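Descriptive analysis of the structure
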Amino acid sequence: MTIYNFCAGPAMLPTAVMRKAQQEFCDYQGLGVSVMELSHRSPEYMAVAEKAEQDLRELMAIPDNYAVLFLHGGARGQFSAIPLNLLGQGKALYLETGQWSVAAATEAEKYGDIERVDLRCESRTLDLSRIPADTSEYAYVHYCPNETVDGVAMFDVPEVAAPLVADLSSCILGRDLDVSQFALLYAGAQKNIGPAGLTLVIVRRDLLGNADSRCPAILDYQLAANHDSMYNTPPTFAWYLAGEVFQWLKHQGGVAAMAEVNRRKADKLYGFIDASDFYRNAVAPSHRSEMNVTFQLHDAQLDKRFLAEAEAAGLKALKGHRMVGGMRASIYNAMPEAGVDALVQFMDHFARTYG
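Let us look at the structure shown here. (Residues numbered from 1 in each chain as written. Predicted model: local features only at pLDDT ≥ 70, side-chain atom pairs only at ≥ 80, totals over all residues. Heavy atoms only, no water.)

**Some words on the sheet that holds strand β9 (residues 184–188)**
- On the basis of which strands lie adjacent, the open sheet formed by seven strands has the order β2-β10-β9-β8-β5-β3-β4 and mixed pairing. One side of each edge strand has no neighbouring strand; the edge strands of this open sheet are β2 (66–71) and β4 (113–118). Along the sheet, successive strands turn relative to each other by an average axial angle of 15°, direction set aside.
- In the packing of helix α4 (residues 99–108) onto the sheet, contacts are made with β3 (91–96), β4, β5 (141–143) and β9, and the angle to β3 comes to roughly 160°. (Pairing = 2+ DSSP bridges. Helix = DSSP H or I, 4+ residues; strand = E, 2+ residues; numbered from the N terminus. Axes fitted to C-alpha atoms, helices over the stretch in contact; angles between N-to-C directions. Contact = heavy atoms within 4.5 Å.)

The structure is reproduced here in C-alpha coordinates:
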(Lines give C-alpha, C1' and ligand atoms only; values in the text may rest on other atoms or scores of the structure.)
Protein backbone atom coordinates (compact mmCIF):
# COMPACT_ATOMS: atom_id res chain seq x y z
CA MET A 1 0.00 0.00 0.00
CA THR A 2 1.31 3.45 -0.93
CA ILE A 3 1.33 5.93 1.95
CA TYR A 4 0.51 9.60 1.35
CA ASN A 5 1.28 12.10 4.09
CA PHE A 6 -1.03 15.15 4.08
CA CYS A 7 0.52 16.71 7.19
CA ALA A 8 0.70 20.51 7.23
CA GLY A 9 4.23 20.35 8.62
CA PRO A 10 6.59 18.73 9.03
CA ALA A 11 5.36 17.70 5.62
CA MET A 12 6.33 14.96 3.21
CA LEU A 13 9.57 15.23 1.28
CA PRO A 14 10.15 14.07 -2.30
CA THR A 15 10.82 10.35 -2.28
CA ALA A 16 13.81 10.75 -4.58
CA VAL A 17 15.39 13.21 -2.14
CA MET A 18 14.93 10.91 0.84
CA ARG A 19 16.38 7.95 -1.05
CA LYS A 20 19.45 9.93 -2.03
CA ALA A 21 19.88 11.16 1.54
CA GLN A 22 19.54 7.57 2.75
CA GLN A 23 22.29 6.44 0.40
CA GLU A 24 24.61 9.23 1.58
CA PHE A 25 23.61 9.17 5.23
CA CYS A 26 26.68 7.33 6.56
CA ASP A 27 29.09 8.05 3.74
CA TYR A 28 28.78 11.42 2.03
CA GLN A 29 30.54 11.41 -1.35
CA GLY A 30 33.04 8.78 -0.29
CA LEU A 31 34.31 10.75 2.72
CA GLY A 32 33.40 7.95 5.14
CA VAL A 33 31.31 10.25 7.33
CA SER A 34 27.79 11.63 7.24
CA VAL A 35 27.15 15.16 5.99
CA MET A 36 25.89 15.79 9.55
CA GLU A 37 29.41 15.10 10.82
CA LEU A 38 31.20 17.49 8.48
CA SER A 39 32.49 20.77 9.82
CA HIS A 40 30.29 23.52 8.49
CA ARG A 41 33.51 25.34 7.59
CA SER A 42 35.03 22.44 5.69
CA PRO A 43 35.46 22.77 1.91
CA GLU A 44 33.06 19.86 1.39
CA TYR A 45 30.25 21.43 3.39
CA MET A 46 30.88 24.93 2.05
CA ALA A 47 30.28 23.46 -1.42
CA VAL A 48 26.93 22.08 -0.20
CA ALA A 49 25.91 25.45 1.20
CA GLU A 50 27.00 27.44 -1.84
CA LYS A 51 25.23 25.07 -4.23
CA ALA A 52 21.99 25.29 -2.23
CA GLU A 53 22.04 29.09 -2.34
CA GLN A 54 22.88 29.15 -6.04
CA ASP A 55 20.02 26.77 -6.87
CA LEU A 56 17.54 28.74 -4.78
CA ARG A 57 18.61 31.97 -6.46
CA GLU A 58 18.01 30.37 -9.85
CA LEU A 59 14.64 28.88 -8.88
CA MET A 60 13.32 32.17 -7.52
CA ALA A 61 15.29 34.54 -9.78
CA ILE A 62 16.62 36.32 -6.69
CA PRO A 63 18.41 39.57 -7.64
CA ASP A 64 22.00 40.11 -6.54
CA ASN A 65 21.00 42.97 -4.23
CA TYR A 66 19.26 40.47 -1.93
CA ALA A 67 21.02 38.41 0.73
CA VAL A 68 19.91 34.80 1.19
CA LEU A 69 20.22 33.62 4.78
CA PHE A 70 19.90 30.06 6.09
CA LEU A 71 18.97 30.44 9.76
CA HIS A 72 17.61 28.77 12.89
CA GLY A 73 14.41 29.42 14.78
CA GLY A 74 11.58 28.74 12.37
CA ALA A 75 9.14 31.37 11.17
CA ARG A 76 8.27 32.16 14.78
CA GLY A 77 11.87 33.26 15.30
CA GLN A 78 11.39 35.72 12.45
CA PHE A 79 8.28 37.12 14.13
CA SER A 80 10.80 38.71 16.54
CA ALA A 81 13.74 39.15 14.18
CA ILE A 82 11.81 41.25 11.65
CA PRO A 83 10.78 44.10 13.98
CA LEU A 84 14.15 43.97 15.72
CA ASN A 85 15.90 44.47 12.37
CA LEU A 86 13.47 46.68 10.45
CA LEU A 87 11.21 48.62 12.82
CA GLY A 88 13.62 51.14 14.35
CA GLN A 89 11.72 54.00 15.97
CA GLY A 90 8.91 53.84 13.43
CA LYS A 91 5.75 51.80 13.20
CA ALA A 92 4.75 48.78 11.11
CA LEU A 93 1.49 47.61 9.59
CA TYR A 94 0.41 43.97 9.90
CA LEU A 95 -2.30 42.62 7.59
CA GLU A 96 -4.19 39.81 9.31
CA THR A 97 -5.42 37.03 7.03
CA GLY A 98 -5.41 34.09 9.45
CA GLN A 99 -3.85 32.53 12.52
CA TRP A 100 -0.19 32.94 11.52
CA SER A 101 -0.35 36.59 10.53
CA VAL A 102 -2.16 37.28 13.82
CA ALA A 103 0.61 35.48 15.72
CA ALA A 104 3.26 37.49 13.88
CA ALA A 105 1.57 40.77 14.82
CA THR A 106 1.17 39.75 18.45
CA GLU A 107 4.87 38.94 18.72
CA ALA A 108 5.93 42.14 16.96
CA GLU A 109 3.96 44.25 19.44
CA LYS A 110 6.63 43.42 22.05
CA TYR A 111 9.15 45.54 20.17
CA GLY A 112 7.40 48.71 19.11
CA ASP A 113 4.47 50.45 17.49
CA ILE A 114 2.41 47.93 15.51
CA GLU A 115 -0.86 48.65 13.72
CA ARG A 116 -3.10 45.74 12.73
CA VAL A 117 -5.72 45.54 10.00
CA ASP A 118 -7.97 42.48 9.94
CA LEU A 119 -8.75 41.55 6.33
CA ARG A 120 -10.89 38.53 7.24
CA CYS A 121 -14.62 38.52 6.53
CA GLU A 122 -17.38 36.26 7.81
CA SER A 123 -17.75 34.78 4.34
CA ARG A 124 -14.21 33.33 4.62
CA THR A 125 -12.88 35.77 2.08
CA LEU A 126 -10.42 38.65 2.37
CA ASP A 127 -11.35 42.31 1.97
CA LEU A 128 -8.24 43.92 0.48
CA SER A 129 -9.99 47.31 0.38
CA ARG A 130 -9.26 47.57 4.11
CA ILE A 131 -5.55 48.06 3.39
CA PRO A 132 -4.78 51.76 3.93
CA ALA A 133 -4.37 53.71 0.71
CA ASP A 134 -1.25 55.46 2.00
CA THR A 135 1.32 53.18 3.63
CA SER A 136 4.34 55.44 3.19
CA GLU A 137 4.48 56.22 6.91
CA TYR A 138 5.25 52.62 7.89
CA ALA A 139 8.70 51.08 8.34
CA TYR A 140 7.27 47.98 6.66
CA VAL A 141 4.04 46.14 5.88
CA HIS A 142 3.79 42.45 6.83
CA TYR A 143 1.43 39.79 5.54
CA CYS A 144 1.11 36.03 5.10
CA PRO A 145 0.06 34.99 1.56
CA ASN A 146 -0.99 31.47 2.58
CA GLU A 147 -2.59 30.61 5.92
CA THR A 148 -2.21 26.88 6.65
CA VAL A 149 -4.71 26.74 9.51
CA ASP A 150 -7.54 28.46 7.66
CA GLY A 151 -6.81 27.26 4.12
CA VAL A 152 -6.95 30.89 2.97
CA ALA A 153 -4.62 32.50 0.44
CA MET A 154 -3.97 36.01 -0.87
CA PHE A 155 -2.73 35.61 -4.44
CA ASP A 156 -2.41 39.31 -5.28
CA VAL A 157 0.63 41.07 -3.88
CA PRO A 158 -0.52 44.10 -1.86
CA GLU A 159 0.36 47.41 -3.51
CA VAL A 160 2.03 49.37 -0.73
CA ALA A 161 4.52 52.22 -0.55
CA ALA A 162 6.34 50.80 2.46
CA PRO A 163 8.82 47.91 2.30
CA LEU A 164 6.78 44.71 1.98
CA VAL A 165 7.49 41.64 4.15
CA ALA A 166 5.90 38.24 3.53
CA ASP A 167 5.78 34.96 5.45
CA LEU A 168 6.08 32.35 2.68
CA SER A 169 6.45 29.35 4.99
CA SER A 170 3.67 27.32 3.37
CA CYS A 171 3.79 28.56 -0.23
CA ILE A 172 7.42 29.28 -1.09
CA LEU A 173 8.43 27.64 -4.39
CA GLY A 174 4.80 26.69 -5.01
CA ARG A 175 4.28 29.35 -7.67
CA ASP A 176 6.41 32.08 -9.24
CA LEU A 177 6.68 35.49 -7.63
CA ASP A 178 8.70 38.62 -8.31
CA VAL A 179 11.18 38.86 -5.46
CA SER A 180 11.88 42.51 -6.30
CA GLN A 181 8.36 43.42 -5.13
CA PHE A 182 9.38 42.55 -1.58
CA ALA A 183 11.82 43.93 0.97
CA LEU A 184 12.02 40.66 2.87
CA LEU A 185 10.70 37.12 2.42
CA TYR A 186 10.98 34.38 5.02
CA ALA A 187 9.93 30.77 5.35
CA GLY A 188 10.20 27.93 7.80
CA ALA A 189 11.49 24.95 5.83
CA GLN A 190 9.25 22.17 7.07
CA LYS A 191 6.43 22.56 4.57
CA ASN A 192 7.75 23.14 1.05
CA ILE A 193 11.55 23.12 1.41
CA GLY A 194 12.84 20.38 3.70
CA PRO A 195 12.93 19.21 7.31
CA ALA A 196 12.20 21.33 10.35
CA GLY A 197 15.09 23.26 11.84
CA LEU A 198 15.95 25.55 8.94
CA THR A 199 14.55 28.99 8.12
CA LEU A 200 15.13 30.95 4.93
CA VAL A 201 15.32 34.74 4.87
CA ILE A 202 15.67 36.67 1.61
CA VAL A 203 16.32 40.30 2.45
CA ARG A 204 17.24 43.38 0.42
CA ARG A 205 20.79 44.32 1.32
CA ASP A 206 20.06 48.01 1.89
CA LEU A 207 17.94 46.99 4.89
CA LEU A 208 20.86 45.32 6.66
CA GLY A 209 22.74 46.99 9.47
CA ASN A 210 19.80 48.61 11.25
CA ALA A 211 19.21 46.12 14.06
CA ASP A 212 17.84 47.41 17.34
CA SER A 213 20.31 47.45 20.23
CA ARG A 214 18.09 44.84 21.93
CA CYS A 215 18.42 42.43 19.01
CA PRO A 216 20.16 39.18 19.96
CA ALA A 217 23.20 38.56 17.80
CA ILE A 218 21.71 35.34 16.47
CA LEU A 219 18.77 37.32 15.02
CA ASP A 220 20.86 40.14 13.49
CA TYR A 221 20.60 39.91 9.69
CA GLN A 222 23.81 41.90 9.13
CA LEU A 223 25.81 39.49 11.27
CA ALA A 224 24.25 36.53 9.49
CA ALA A 225 25.08 38.00 6.08
CA ASN A 226 28.62 38.92 7.12
CA HIS A 227 29.25 35.33 8.18
CA ASP A 228 27.50 33.59 5.25
CA SER A 229 24.79 32.28 7.62
CA MET A 230 27.49 30.69 9.79
CA TYR A 231 27.77 33.11 12.69
CA ASN A 232 27.20 29.97 14.73
CA THR A 233 26.87 26.35 13.61
CA PRO A 234 23.93 26.23 11.20
CA PRO A 235 21.41 23.35 10.93
CA THR A 236 23.72 21.54 8.53
CA PHE A 237 21.64 18.45 7.74
CA ALA A 238 18.48 20.49 7.12
CA TRP A 239 20.49 22.84 4.87
CA TYR A 240 21.87 19.86 2.93
CA LEU A 241 18.38 18.36 2.47
CA ALA A 242 16.97 21.71 1.39
CA GLY A 243 19.66 21.84 -1.27
CA GLU A 244 18.63 18.39 -2.47
CA VAL A 245 15.01 19.57 -2.69
CA PHE A 246 16.11 22.59 -4.74
CA GLN A 247 17.89 20.27 -7.18
CA TRP A 248 14.80 18.05 -7.33
CA LEU A 249 12.65 21.08 -8.15
CA LYS A 250 14.99 22.05 -10.96
CA HIS A 251 14.68 18.52 -12.36
CA GLN A 252 10.87 18.89 -12.27
CA GLY A 253 11.15 21.94 -14.51
CA GLY A 254 11.40 24.66 -11.87
CA VAL A 255 8.79 26.68 -10.04
CA ALA A 256 6.61 27.44 -13.08
CA ALA A 257 6.25 23.72 -13.87
CA MET A 258 5.55 22.98 -10.20
CA ALA A 259 2.85 25.67 -10.15
CA GLU A 260 0.98 23.93 -12.97
CA VAL A 261 1.00 20.65 -11.04
CA ASN A 262 -0.11 22.42 -7.87
CA ARG A 263 -3.04 24.05 -9.65
CA ARG A 264 -4.14 20.71 -11.11
CA LYS A 265 -3.99 19.06 -7.68
CA ALA A 266 -5.96 21.84 -6.00
CA ASP A 267 -8.54 22.09 -8.80
CA LYS A 268 -9.12 18.35 -8.69
CA LEU A 269 -9.71 18.29 -4.92
CA TYR A 270 -11.82 21.46 -4.74
CA GLY A 271 -13.78 20.33 -7.78
CA PHE A 272 -14.72 17.08 -6.10
CA ILE A 273 -15.69 18.84 -2.85
CA ASP A 274 -17.85 21.40 -4.66
CA ALA A 275 -19.64 18.70 -6.64
CA SER A 276 -20.44 16.72 -3.49
CA ASP A 277 -23.31 17.20 -1.07
CA PHE A 278 -21.37 15.22 1.55
CA TYR A 279 -18.35 17.56 1.84
CA ARG A 280 -18.01 21.33 1.87
CA ASN A 281 -15.32 24.00 1.84
CA ALA A 282 -16.16 27.30 3.51
CA VAL A 283 -13.48 29.47 1.88
CA ALA A 284 -14.44 31.83 -0.93
CA PRO A 285 -13.13 30.35 -4.22
CA SER A 286 -10.99 33.42 -4.96
CA HIS A 287 -9.06 32.92 -1.72
CA ARG A 288 -8.76 29.13 -1.55
CA SER A 289 -5.27 27.93 -0.75
CA GLU A 290 -3.56 25.70 -3.31
CA MET A 291 -1.37 24.27 -0.55
CA ASN A 292 -3.80 23.57 2.31
CA VAL A 293 -7.28 22.39 1.39
CA THR A 294 -9.64 22.53 4.35
CA PHE A 295 -12.99 20.75 4.22
CA GLN A 296 -15.76 19.53 6.47
CA LEU A 297 -18.13 16.59 6.41
CA HIS A 298 -21.78 17.61 6.51
CA ASP A 299 -22.17 15.23 9.44
CA ALA A 300 -19.40 16.02 11.91
CA GLN A 301 -20.28 12.87 13.84
CA LEU A 302 -18.49 10.96 11.10
CA ASP A 303 -15.19 12.84 11.47
CA LYS A 304 -13.48 10.23 13.66
CA ARG A 305 -14.58 7.41 11.38
CA PHE A 306 -13.36 9.30 8.32
CA LEU A 307 -9.92 9.84 9.86
CA ALA A 308 -9.61 6.24 11.04
CA GLU A 309 -10.58 4.78 7.68
CA ALA A 310 -8.36 7.25 5.81
CA GLU A 311 -5.42 6.23 7.98
CA ALA A 312 -6.13 2.56 7.27
CA ALA A 313 -6.15 3.40 3.55
CA GLY A 314 -2.69 5.00 3.77
CA LEU A 315 -3.91 8.61 3.81
CA LYS A 316 -2.26 10.18 6.84
CA ALA A 317 -2.58 13.41 8.86
CA LEU A 318 -5.90 14.66 7.45
CA LYS A 319 -7.23 16.02 10.74
CA GLY A 320 -7.91 19.76 10.60
CA HIS A 321 -6.23 22.22 12.93
CA ARG A 322 -7.77 22.28 16.40
CA MET A 323 -8.82 25.93 15.90
CA VAL A 324 -10.83 25.12 12.77
CA GLY A 325 -11.77 21.45 13.04
CA GLY A 326 -12.85 19.30 10.13
CA MET A 327 -10.22 18.04 7.72
CA ARG A 328 -7.17 19.50 6.04
CA ALA A 329 -5.20 18.07 3.15
CA SER A 330 -1.82 19.75 2.72
CA ILE A 331 -0.71 19.18 -0.87
CA TYR A 332 2.66 20.88 -1.06
CA ASN A 333 5.15 20.38 -3.90
CA ALA A 334 6.21 16.93 -2.74
CA MET A 335 2.65 15.55 -2.81
CA PRO A 336 2.26 13.76 -6.16
CA GLU A 337 -0.93 14.00 -8.17
CA ALA A 338 -1.45 10.32 -7.42
CA GLY A 339 -1.85 11.23 -3.75
CA VAL A 340 -4.68 13.63 -4.52
CA ASP A 341 -6.25 11.01 -6.80
CA ALA A 342 -6.12 8.49 -3.96
CA LEU A 343 -7.69 10.98 -1.55
CA VAL A 344 -10.53 11.83 -3.94
CA GLN A 345 -11.18 8.14 -4.56
CA PHE A 346 -11.32 7.48 -0.81
CA MET A 347 -13.58 10.49 -0.17
CA ASP A 348 -15.95 9.31 -2.89
CA HIS A 349 -16.08 5.79 -1.45
CA PHE A 350 -16.63 7.12 2.08
CA ALA A 351 -19.47 9.37 0.93
CA ARG A 352 -21.16 6.53 -0.93
CA THR A 353 -20.86 4.29 2.13
CA TYR A 354 -22.09 6.73 4.78
CA GLY A 355 -24.00 9.34 2.80
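**A closer look at helix α8 (residues 303–312)**
- For α8, the set of buried residues is D303, F306 and A310. One face of α8 carries all of its buried residues, which in axial projection span an arc of 60°. The exposed residues of α8 that point more than 90 degrees off its buried face are K304 and A312.
- On its buried side, α8 packs onto β11 (279–280), β12 (292–297), β13 (315–316), β14 (327–330) and α9 (337–354).
- Positive phi shows up at G314, right after α8, with a value of about 90°. (Buried < 20%, exposed > 50% of the residue type's maximum accessible area, 1.4 Å probe, protein only. Arc of directions from axis to C-beta.)

**Section: the packing of helix α1 (residues 15–24) against helix α6 (residues 236–251)**
- Interaxial distance between α1 and α6 falls to 9 Å at its minimum, and their mutual angle equals 135°. With respect to α6, the element α1 is oriented oblique. The crossing of α1 and α6 is right-handed. Touching A16, V17, K20, A21 and E24 of α1 are Y240, L241, E244, V245 and W248, all from α6. (Parallel < 35°, antiparallel > 145°, perpendicular 65-115°, else oblique. Left-handed = near helix turned anticlockwise from the far one by under 90°.)

**What about the nonpolar core?**
- M60, L173, I193 and F246 are the most contacted members of the largest nonpolar core, which has 62 residues in total.
- Beyond its immediate sequence surroundings of up to four residues, I193 is in contact with L13, I172, L173, A187, G188, L200, A242, V245 and F246. (Core = buried A, V, L, I, M, F, W, Y, C linked by side-chain atoms within 4.5 Å.)

**Considerations on α6**
- For α6, spanning 16 residues, the distance from its first C-alpha to its last is 23 Å, which sits close to the expected 22 Å at 1.5 Å a residue.
- When you tally the buried positions in α6, you get 12 out of 16 residues, the bulk of the element.
- Here α6 has its buried residues at T236, A238, W239, Y240, L241, A242, G243, E244, V245, F246, W248 and L249.
- Those residues of α6 that are buried are in contact with α1, α2 (43–60), β2, β10 (199–204) and α7 (254–275).
- Directly after α6, the chain includes G253, whose backbone phi takes a positive value near 110°. (Expected span 1.5 Å × (residues − 1).)

**Observations regarding the pattern of salt bridges**
- Tallying each qualifying case throughout the model produces 23 salt bridges.
- One salt bridge in this structure joins R264 and E337, with 2.8 Å as the shortest N-O distance. Here R264, found in helix α7, pairs with E337, found in helix α9; they are 73 residues apart in sequence, far enough to count as distant.
- E337 sits in the partly exposed class, given a relative accessible area of 25%. (Salt bridge = Lys/Arg side-chain N within 4 Å of Asp/Glu carboxyl O.)

**Considering unusual backbone geometry**
- Cis geometry marks the peptide bond from G9 to P10; its omega dihedral reads 0°.
- The residue P10 is located in the loop between β1 (4–5) and α1 in this model.
- Phi is positive for Q29, which is not a glycine, with a value near 50°.
- Locating Q29 in the fold gives a position in the loop between α1 and α2.
- When its relative accessible area of 59% is taken as the criterion, Q29 is described as exposed.

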